[in-house]
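# Summary of the model geometry
Below are the chains, spelled out letter by letter.
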Amino acid sequence: DGWFADPRSQPVHEALARISLTGAIGKPLLTLHGTLDSLLPISLHGDVYTRKITEAGRARMHRYYRIEGGNHVDSLMHLDPERLRPMLPCFRTAFDALTAWVEDGQEPPPSGTVPRPAGNGATDPALLDTCSLRSAS
């Protein structure tokens, strides 16, 4: 009964199956996930998908950066600026790294946890303007 039983929905089901999160990625992928994500807990989402990619034998095409202090939305920064950090600078860095990987063959840093620099996440330029994808080794 309902929409799922409607034969017209079959193309939608097929399209969703093609993009489902199986881990069988076909192109390089960088994943960023904040360790303080309040909407999608990292242990239930980012960590799980990374395992799926590894299990699918595609880990060489994937980098996973756990952004210490990152939340799902930067607009929550004001709630705890001493613990939270904005994700936007990390997204910008990751986009540039992915472009260099795909276009120039320049591999990004290994996967890891990106440490949060000290400072106020709502006002400190070291947090607001920059983000290195290098993890603390």
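This text follows the structure it describes.
In what follows, the accompanying structure is described. These figures come from a predicted structure and were not determined experimentally.

Take the sheet that holds strand E3 (residues 112–114) next. Reading across from one edge, E1-E2-E3 is the order of the 3 strands in this open sheet, with parallel pairing throughout. Here the strands that pair on one side only, and so sit at the sheet edges, are strand E1 (29–34) and E3. For this sheet, the mean inter-axis angle between neighbouring strands, taken without regard to orientation, is 25°. Pairing analysis gives 6 bridges linking E1 to strand E2 (residues 62–67), with the strands arranged parallel. Paired with His33 across the strands is Arg66, a residue of E2. Across the sheet, helix H2 (residues 46–55) touches E1 and E2, and the angle it forms with E2 is around 165°.

Structurally, His62 can be placed in strand E2. On the basis of relative accessible area, His62 is assigned to the buried category, the value being 5%. Within the structure, His62 has its side chain in polar contact with the side chain of Thr31 (distance 2.7 Å). Excluding anything up to four places from it in sequence, His62 contacts Ile25, Leu29, Thr31, Thr50, Ile53, Trp101 and Ser111.

Residues Val12, Leu16 and Ile19 make up a contiguous nonpolar surface patch of about 290 Å² in total accessible area. Within the secondary structure layout, Val12 lies in helix H1 (residues 10–19). Accessibility expressed as a relative area gives 37% for Val12, which makes it partly exposed.

Parameters and conventions
- Residues numbered from 1 in each chain as written.
- Predicted model: local features only at pLDDT ≥ 70, side-chain atom pairs only at ≥ 80, totals over all residues.
- Heavy atoms only, no water.
- Pairing = 2+ DSSP bridges.
- Helix = DSSP H or I, 4+ residues; strand = E, 2+ residues; numbered from the N terminus.
- Axes fitted to C-alpha atoms, helices over the stretch in contact; angles between N-to-C directions.
- Contact = heavy atoms within 4.5 Å.
- Buried < 20%, exposed > 50% of the residue type's maximum accessible area, 1.4 Å probe, protein only.
- Polar contact = N/O pair within 3.5 Å; in protein donor to acceptor, adjacent residues only side chain to side chain.
- Patch = residues over 30% accessible without salt bridge, like charges linked within 9 Å, V, L, I, M, F, W, Y side chains within 5 Å.
- Areas by Shrake-Rupley, 256 points an atom, 1.4 Å probe, with all protein chains shown as cover.
- Salt bridge = Lys/Arg side-chain N within 4 Å of Asp/Glu carboxyl O.

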